[in-house]
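Working through the structure, step by step
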Amino acid sequence: MVKQWFSRRVRKDASVSERCAACPLATCVRGSRAAVLRMDCDGCEADRLRTLGLFEGACVTVLNSQNGLLLEVRGARLALGSALAAGITVLPLAS
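Residues numbered from 1 in each chain as written. Predicted model: local features only at pLDDT ≥ 70, side-chain atom pairs only at ≥ 80, totals over all residues. Heavy atoms only, no water.

Before going further, it helps to spend a moment on the side chain of T89. Examined against the element boundaries, T89 turns out to sit in strand β6 (residues 88-93). Not counting chain neighbours up to four residues away, the residues in contact with T89 comprise A22, C23, P24, A35, V36, L37, R38 and D40. (Helix = DSSP H or I, 4+ residues; strand = E, 2+ residues; numbered from the N terminus. Contact = heavy atoms within 4.5 Å.)

Here it is as structure tokens:
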């Protein structure tokens, strides 16, 4: 009796080079990591975020992406609305 092996096509995760070079934080999915490149939001909002630890060069992890974003930033959790997250440009990192 001859066994036939069927190969399944496995969907591979996109490598870092296939992902966008720079994209809005709002497009990041749960579990992804990214480095903040630029914050294009109102001056007082940007200052408040910098005070909370979210600044250019900071690494963030998306914990939840429903109804805005829940981020982990420097060991703290930070919730952002989707409009504010859309104004923050990040560089996706390998998970």
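A few words on the state of the cysteines. All chains considered together, the criterion is met by zero disulfides. A disulfide-free cysteine, C41 has its sulfur positioned 8.6 Å from the sulfur of C44, the nearest such atom. (Disulfide = S-S within 2.5 Å.)

Below, the discussion takes up the confidence of the model for the chain. Averaged over every residue, the pLDDT of the chain is 82; residues scoring 70 or more account for 78%. Taken together, the stretch residues 1-18 has pLDDT below 50 and engages in four contacts with residues farther than four places along the chain or on a different chain. (pLDDT = per-residue confidence, 0-100.)

Right, let's get into the side chain of S32. Note on placement: S32 falls in the loop between β1 (23-24) and β2 (33-39). Polar side-chain contacts of S32 include one of 2.6 Å to the backbone oxygen of V29. (Polar contact = N/O pair within 3.5 Å; in protein donor to acceptor, adjacent residues only side chain to side chain.)

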